[in-house]
Amino acid sequence: MKRLLARYADGMDHLSVFIGHGCSVFFFACVLVSALEVVMRYGFNHPTDWSTELAMTLCAAAWVLSVGYVTQRHRHIAITMVEALVSPGVWRLFRLIQMLVATGAVTILTIALWTPMIRSLTRLEHSGSAMNSIQPTLLKTLLVVGCVLYLLQLLANIIRWVQGTERETSGGH
């Protein structure tokens, strides 16, 4: 059972890193879309109707989907001063408490987001902008997907904590 859980944690780590790296393309695309809008607006005096909405959607999707990567790397915002004040054993216990609290909070958030997502999928919601895209439906769905990825990575991190196999992944690479 220990090997099976370790294999799950390894697999989830790889999936989180793969998705996190893949999301970097969304940010790059957002920069390109924004640069195109600047050229179209100020160079040709012909702004687009879609660039702002597309840029917001790309950034939001990247932010939501990269949550597993951030969790796997332990790169969430933290009060590092507390780490300097307590012993390594106490800090390790604090990390477990943080993961358990996060699991509870994200589970509640996922349950709260489920019904609006299903409602939005049954009857597509549109943005009402000039582009009138299905951005609300897409983002509601991505929020639930992001929460699930977060929960799955938290479970992998908890498995590593219990097995004592946590890796040092600071540096964000």
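Residues numbered from 1 in each chain as written. Predicted model: local features only at pLDDT ≥ 70, side-chain atom pairs only at ≥ 80, totals over all residues. Heavy atoms only, no water.

Draft legend 1. Region of interest: the side chain of Ser-66. Within the secondary structure, Ser-66 sits in the loop between α2 (51–65) and α3 (67–72). In this structure the side chain of Ser-66 is engaged in a polar contact, spanning 3.2 Å, whose partner is the backbone oxygen of Trp-63. (Helix = DSSP H or I, 4+ residues; strand = E, 2+ residues; numbered from the N terminus. Polar contact = N/O pair within 3.5 Å; in protein donor to acceptor, adjacent residues only side chain to side chain.)

Draft legend 2. The pattern of salt bridges, seen in detail. Applying the stated criterion across every chain, the model contains four salt bridges. The partner of Arg-160 in a salt bridge is Asp-10, with the nearest N and O atoms 2.4 Å apart. Of this pair, Arg-160 sits in helix α6 (residues 135–163) while Asp-10 sits in helix α1 (residues 2–43), and the two are 150 residues apart along the sequence. Under the relative-accessibility criterion, Arg-160 is labelled buried at 7%. Under the relative-accessibility criterion, Asp-10 is labelled partly exposed at 29%. With a shortest N-O distance of 2.7 Å, Asp-13 and Arg-160 are connected by a salt bridge. One end of the pair, Asp-13, is in helix α1; the other, Arg-160, is in helix α6, with 147 residues separating them in the sequence. Judged by its relative accessible area of 5%, Asp-13 is buried. By sharing partners, the salt bridges in this structure join Asp-10, Asp-13 and Arg-160 into a single network. (Salt bridge = Lys/Arg side-chain N within 4 Å of Asp/Glu carboxyl O. Buried < 20%, exposed > 50% of the residue type's maximum accessible area, 1.4 Å probe, protein only.)

Draft legend 3. Seen up close, the nonpolar core. Ranked by size, the top nonpolar core spans 13 residues in total, and within it Met-99, Tyr-150 and Leu-154 carry the most contacts. Elements with a minimum of two residues in this core: α5 (88–122) and α6. One finds Ala-61, Leu-65, Leu-142 and Ile-159 within the second-largest nonpolar core, a separate group that totals 11 residues. (Core = buried A, V, L, I, M, F, W, Y, C linked by side-chain atoms within 4.5 Å.)

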